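Close look at the chain arrangement
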Amino acid sequence: MGFPWTVCLTIITVTTVAAAPSVYPSKNYESRIVNGQYAQPGSWPWQVSLQDSYGQHFCGGSLVNQNWVITAAHCNFNPGYHRVVLGEFDMYSSEEQLQIKSVSQVITHPYWNPYNMNYDCTLLRLSSPANINYYASPVRLVASNADIPGGTICITTGWGRTVPGGAISSKLMQTNIPIIDSQTCRQYWGNKITDIMICAGASGTSSCQGDSGGPLVCYGNTGWNLVGIVSWGTVNCNIYSPAVYARVSKLRSFVDQYIYY
């Protein structure tokens, strides 16, 4: 089994139409989160940081409307100790227009299995609606019938480690990675890959610890779509091994019953 990409805390819609990023993302096809490229402030406005009560980042997530964030179940969000931060770019900056939100409801997929990482999805209901602005706006969810072909270049973002075993990044980073079809991914991971997972990477780029719960987005006719949730991979964030994401298209029936009501 691979390893979930969280960072241990000891070490480190009313429906809202999704807006396009206020800053068009710079897509450098040499970039990667491991030894990678900083994103531009405002370019991924749905990206949120999940933090403990001391302000320590431990997971990512995606704003899907004014009231809801989607993240990975294995992030183990605890509303008594954790918070959602919107509008974050530089963890060390005191000048950002942040929205710090408590969470009133945590809903984990009923089929979540921590032993095989299947259905790695949790919804967080914000205690008060997010203010949709330049730095915080929701992402579209990929359609339930979407089939993303292998080779499609998509993007994942986060504050995870920039080198295996290193510290998390202080600034939001991005990487361009190709989708890997399930058959090819199973050649590496075997039957650990289920229909509820989608693979990407193995191209000299990788997500890493601290990126868990964050977005994998692909650009389509309707703009950027949330295709995956950062879930698990090799313990050393091997940039030539497929990274595994929860497949959002297969989670739509679960997600839709909550976020649109």
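Everything discussed here concerns the structure shown above.
A short tour of the structure in this document, coming up. Because the structure is a prediction, the values reported are computed rather than measured.

**Overview of the nonpolar core**
Ranked by internal contacts, the top residues of the largest apolar core, which has 55 residues, are Val84 and Val255. Counting residues per element, this core draws most heavily on strand β15 (residues 223–233), at five residues. A domain-level breakdown of this core finds at least three residues from each of domain 1 (37–41 + 139–249) and domain 2 (47–137). Contacts of Val84, omitting those with residues within four sequence positions, involve Val48, Ser49, Leu50, Val69, Phe77, Gln99, Ile100, Lys101, Val103, Leu124 and Leu126.

**Here we look at the sheet that holds strand β8 (residues 103–108)**
Across the sheet, seven strands lie side by side as β7-β6-β3-β4-β5-β9-β8; this open sheet has antiparallel pairing. Strand pairing shows two members of the sheet lacking a second neighbour, β7 (99–101) and β8, which therefore form its edges. For this sheet the average axis-to-axis angle between neighbouring strands, irrespective of direction, equals 30°. In the sheet, strand β6 (residues 82–86) pairs with β7 via three bridges, with the strands oriented antiparallel. Paired with Val84 across the bridge in β7 is Lys101. Of the strands in this sheet, β5 (68–71), β8 and β9 (122–126) are in contact with helix α2 (residues 252–259), which crosses β9 at around 15°.

**Structural notes on the state of the cysteines**
Joining two cysteines, a disulfide is a covalent bond between their sulfur atoms. Inspection of every chain in the model, using the stated rule, returns three disulfides. Residue pairing for Cys59: its cysteine sulfur links by disulfide to Cys75, the two sulfurs lying 2.1 Å apart. The disulfide joining Cys59 to Cys75 has a torsion of about -90° about its S-S bond and is therefore left-handed. You can see Cys59 sitting in strand β4 (residues 57–63) and its partner Cys75 sitting in the loop between β5 and β6, a full 16 residues away along the chain. Across a sulfur-sulfur distance of 1.9 Å, Cys154 and Cys218 are joined as a disulfide pair. Across the S-S bond of Cys154 and Cys218 the torsion is about 105°, and the bridge reads as right-handed. With a gap of 64 residues between them, Cys154 in strand β11 (residues 153–158) and Cys218 in strand β14 (residues 215–220) connect regions that are remote in the sequence.

What counts and what doesn't
Residues numbered from 1 in each chain as written. Predicted model: local features only at pLDDT ≥ 70, side-chain atom pairs only at ≥ 80, totals over all residues. Heavy atoms only, no water. Core = buried A, V, L, I, M, F, W, Y, C linked by side-chain atoms within 4.5 Å. Buried < 20%, exposed > 50% of the residue type's maximum accessible area, 1.4 Å probe, protein only. Helix = DSSP H or I, 4+ residues; strand = E, 2+ residues; numbered from the N terminus. Domains from an automatic or database assignment. Contact = heavy atoms within 4.5 Å. Pairing = 2+ DSSP bridges. Axes fitted to C-alpha atoms, helices over the stretch in contact; angles between N-to-C directions. Disulfide = S-S within 2.5 Å.

Without other data, these values stay purely geometric and don't point to any function.
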